[in-house]
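Coordinate analysis (summary)
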Amino acid sequence: MVKRMDCTGGKRVLLGMSQAEMSAAAVSLGLPAYTGSQIAKWIYRRGARTIAEMTDLSKEGRQRLGERFCTGLVAPLDERHSADGTVKYLFPTADGKAVESVFIPDGERATLCVSSQAGCKMNCLFCHTGKQGFHGNLTAGDILNQVYSLPEAARLTNIVFMGQGEPADNLAAVLKAAELLQAPYGMAWSPKRITISTAGIKGKLTQLVEESNCHLAVSLHAARADVRARLMPVEKGMPAKEIIALLRRYDWHHQRRLTFEYILFDGVNDTDADARALALLLRGLPCRVNIIRYHEAPGIDLRPSSEMKIQRFAAQLNARGLTATIRASRGADIAAACGQLTATEQTGTKD
């Protein structure tokens, strides 16, 4: 059983609120509106875990605030360290669930992969998270706690919404979390340091593109409709061709980057015909293709493509005018594929 955050008695979580919302909360308690900026500084700049730490608030103000609110900042429940420096963390949510984040250091670059849902509805064939079912959306505070309570938070250079869950299926919380990361009272990050991933949800993709100024990564994994439908049931709701047609309406030459994620599975989507189909589908669209080595997960009947096939696939895409790169494999020795540490926590087993 996952330990809940210390927000008992119906207390509201401050993490995930904007400064304006914190000011409104302060006023509702009879405190001055400027208290909101003080709270925001303690939460987003100083990482206060308790109301008692907010020493520039009056004693009475702290007492009032503590009766109705908690910070929402809570340390990870578990962690696994890889030989390559990758660290997988298990974080609690405000409602007693657990989600994963993966910290990936690479020279001067340090990326955090955050989750947006507990479980996932998409049920992709290759994803361990999907096999666990859907257990609820994360709040903006749950998402941000993965960032602010990360032991290596000060080292972060990039954040990607590519962990457990489908970000577009919890779009309001994802957009708010991304907005708060960019806020001057938050991390004051450029949107160029944030990437939001999606499998392409009908009715949500347009909103994601138009209301976010962050980079976009689309989980494609196959250009042929029958193959993608086998791997990703979401293909039936919004086919890849429809996704590409929609994305062609926007300017990807400036500011934002458009990437297509493509995991290679042996004998499934790694043939020369698959490479030709992908090049044809994306022809003329300013984008890059991120080719990913598959991390095998228990109970999933898929195998990674050979290194020779991976290199050949990338070479064929580049020869046809696409920019294709191969993502370095990280964290294989700690089961870095999404969902595996959560499954361990749920069953109470240890590796």
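Residues numbered from 1 in each chain as written. Predicted model: local features only at pLDDT ≥ 70, side-chain atom pairs only at ≥ 80, totals over all residues. Heavy atoms only, no water.

1. Regarding the overall build of the protein
Put simply, the rule reads: By definition, any uninterrupted DSSP run of H or I lasting at least four residues is a helix, any uninterrupted run of E lasting at least two residues is a strand, and each is numbered from the N terminus. We compute the radius of gyration over the C-alpha atoms and compare it with the globule rule, which gives 2.2 Å times the number of residues raised to the power 0.38. Exposed residues in this analysis have more than 50% of their type's maximum accessible area, buried residues have under 20%, and partly exposed residues fall in between, with area computed by a 1.4 Å probe over protein chains only. Only heavy atoms enter the contact rule, under which two residues are in contact if any of them lie within 4.5 Å. Using a 1.4 Å probe, the Shrake-Rupley method yields the accessible areas, and only the shown protein chains count as cover for residues.
A tally of regular secondary structure across the protein gives eleven helices and 14 strands. For a compact globule of 351 residues, the expected C-alpha radius of gyration is about 20 Å, and the protein comes in at 21 Å, within 12% of that figure. C-alpha extents for the protein along the principal axes are approximately 70 × 45 × 40 Å. Among the 351 residues that make up the protein, the fraction classed as buried is 56%. Pairs at least 24 residues apart make up 68% of the contacts formed inside the protein by residues separated by at least 6 positions. Accessible surface computed for the protein: about 15300 Å², of which carbon and sulfur atoms make up 51%.

2. Observations regarding the pairing of strand 10 (residues 194-198)
The test is simple: Pairing between two strands is assigned when DSSP locates at least 2 bridges connecting them.
In terms of burial, strand 10 is largely enclosed, as five of its five residues are buried. Here strand 10 shows a buried face lined by Ile194, Ile196 and Thr198 and a second buried face lined by Thr195 and Ser197. Bridge analysis of strand 9 (residues 158-161) against strand 10 gives three bridges, and the strand direction is parallel. Residue pairing for strand 10: phenylalanine 161 is matched across the bridge by isoleucine 196. Here four bridges tie strand 10 to strand 11 (residues 215-219), and the two strands are oriented parallel to one another.

3. Remarks on the sheet that holds strand 5 (residues 98-106)
Filter applied, for reference: Comment: axis = line fitted to C-alpha atoms, over the contacting stretch for helices; angle = value between 0 and 180 degrees taken between N-to-C directions.
Pairing within the open sheet is mixed, and its ten strands lie in the order 3-4-5-6-9-10-11-12-13-14. With one partner strand each, in any of the chains shown, strand 3 (78-81) and strand 14 (323-326) form the two edges of the open sheet. Across the sheet, the mean angle separating the axes of adjacent strands is 20° when strand polarity is ignored.

4. Observations concerning the side chain of glutamate 235
For clarity, the threshold we go by: Definition of a polar contact: a pair of N or O atoms within 3.5 Å, with one able to donate and the other able to accept a hydrogen when the atoms are protein atoms, and with sequence-neighbouring residues admitted only if both atoms are side-chain atoms.
Mapping glutamate 235 onto the fold places it in the loop between helix 7 (225-231) and helix 8 (240-247). Only 2.9 Å separates the side chain of glutamate 235 from the backbone nitrogen of alanine 240, close enough to count as a polar contact. Beyond its immediate sequence surroundings of up to four residues, glutamate 235 is in contact with Ala225, Arg228, Ala229 and Ala240.

5. Thoughts on the packing of aromatic side chains
Worth spelling out the cut-off: Ring pairs shown here join Phe, Tyr and Trp side chains whose ring centres sit within 6.5 Å, with only the six-membered ring taken for Trp; geometry is labelled stacked below 30 degrees between planes, edge-to-face above 60, and tilted in between. Whether a charge sits over a ring comes down to the Lys NZ or Arg CZ being within 6 Å of the ring centre and within 35 degrees of the ring normal.
Throughout the structure, instances matching the rule amount to six aromatic pairs. Taken together, a centroid distance of 4.9 Å and an interplanar angle of 65° make the contact between phenylalanine 265 and tyrosine 294 edge-to-face. Of this pair, phenylalanine 265 sits in the loop between strand 12 (258-264) and helix 9 (272-282) while tyrosine 294 sits in the loop between strand 13 (288-293) and helix 10 (307-319); the two residues are 29 residues apart in sequence, bridging distant segments of the chain. Just as phenylalanine 265 is buried, tyrosine 294 falls in that class too. By the ring-pair criterion, three or more aromatic residues cluster together here, those being Tyr44, Tyr148 and Tyr185. The ring of phenylalanine 134 carries the charged tip of lysine 121 above its face, separated from the ring centre by 4.8 Å. In this structure, arginine 193 is placed above the aromatic ring of tryptophan 189, and the distance from its NZ or CZ to the ring centre is 3.9 Å.

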